[in-house]
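Per-entry structural report
Chain by chain, the residues run as shown.
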Amino acid sequence: MSNTNFNEIYSKVIGSKYLKKTYDSFSISTLISKSGQNLFLPFYHTVSNKRLPHIENIYPVRNEKLFIEDLDLILKYFEPVSIYEVENKVQAGENFKKPSFHLTFDDGLSEIYSVVAPILEKKGVPSTFFVNTDFIDNKALFYRYKVSLIIEKLRTNRALLEPLSEVLYEKKYDFEDVSRALLSLNYTSINLIDKVADTIELCFDDYLTKEMPYLSTDQIKVLIRKGFTIGSHSIDHPFFNDISFNEQKKQINESFRILIEQFAINYKFFSFPFSDEGVTIDLFDWLYDVEKCNLSFGTSGLKQDYSVQHIHRVAFDGTLNKAEDIVKLQYFNYIVKSMLNKNYMIRL
Ligand SMILES: [Zn+2]
């Protein structure tokens, strides 16, 4: 059975009420111990009590209360560790003796500074923030956030559906249909996204100036002084499967060059934008052997990969589920898939 077929069937089975009852009956400690996986890497994008129009049309954002509940639950079962401790263990090929976690955030959003860091400092939780170098200081906006802002404007002004449908070459005038068409646009459609925005008189520069969704250079410097680590999330967040091998290398190399120049970092941590789907063995070999990246991160949950230096994280946003359910489901999945030998990413 191909891995795609297996995953489809598995997700149907795991979604059943019967299986939820089964994994609910185990404690988190039992699941961790049975899995043999003491390193847990939750990842987020942001935390906000306020509606974030550039994000909320793509995925739901966890609020401060839910984030604090997540941390309390995680801290009950796992010890917080720095990214350097993770790297040392990985390089030594050792497992952590006690269940341990390192927290990471992707996309370099401003709530990291205003909301997240103060909570993490209070609780003594180290964290790594992965930033896109083109977006620091609100110089540009991620194309998916542009799409979210377009959908936000359509939500309140349905008269714009018709002219927008013309630009999209879609004869669809229903809000849900148009939203779906917009959400399916990718990195190669940035010009079209900008054209759509012009048509409905939506100015992204105004939004960047007024709302300042991203971290500034000064804020990143303060975060580093406070002991947080900064990593690269590429230059401008392409899906690596959509771009050439040379462009992939440029996105990594150039973003690290800027981070080293701006923030004098003496380490290289990288998290792949969107996902590492389709990333080849050749790129991983180049990443560690030539680019000298210390660790890289994917988003496939508890899973092993081609290199021990590439480690997978568990998404905590995208749903508003309670941390206990997210942790239990991850560990239960891992244990079941271990029995079927399905916990390895296949790379070409
Ligand atoms: Zn991202």
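Rules and cut-offs
- Residues numbered from 1 in each chain as written.
- Predicted model: local features only at pLDDT ≥ 70, side-chain atom pairs only at ≥ 80, totals over all residues.
- Heavy atoms only, no water.
- Buried < 20%, exposed > 50% of the residue type's maximum accessible area, 1.4 Å probe, protein only.
- Helix = DSSP H or I, 4+ residues; strand = E, 2+ residues; numbered from the N terminus.
- Pairing = 2+ DSSP bridges.
- Right-handed = clockwise from strand over helix to strand, strands pointing away.
- Salt bridge = Lys/Arg side-chain N within 4 Å of Asp/Glu carboxyl O.

1. Considerations on the pairing of strand β5 (residues 103–106)
Within a regular strand, side chains alternate between the sheet's two faces. Judged by which residues are buried, β5 turns out to be covered on both faces: L103 and F105 on one side and T104 and D106 on the other are all buried. Relative to β5, strand β2 (residues 42–44) runs parallel, the two sharing two bridges. Residue pairing across strands places Y44 opposite F105, the latter belonging to β5. Pairing analysis gives four bridges linking β5 to strand β6 (residues 127–131), with the strands arranged parallel. Paired with D106 across the bridge in β6 is F130. Between the parallel pair β5 and β6, the chain is carried across by helix α6 (residues 111–123), and the sense of this crossover is right-handed.

2. Observations regarding the pattern of salt bridges
Enumeration according to the criterion identifies 18 salt bridges in this entry. A salt bridge links E69 to K65; the shortest N-O distance between them is 3.0 Å. Of this pair, E69 and K65 both sit in helix α4 (residues 64–77), separated by four residues, roughly a single helical turn. By relative accessible area, which is 31% here, E69 ends up partly exposed. Overlapping salt bridges, with partners in common, bring together K50, K210 and E211 in one network.

No statement about biological role is implied by the geometric values presented.
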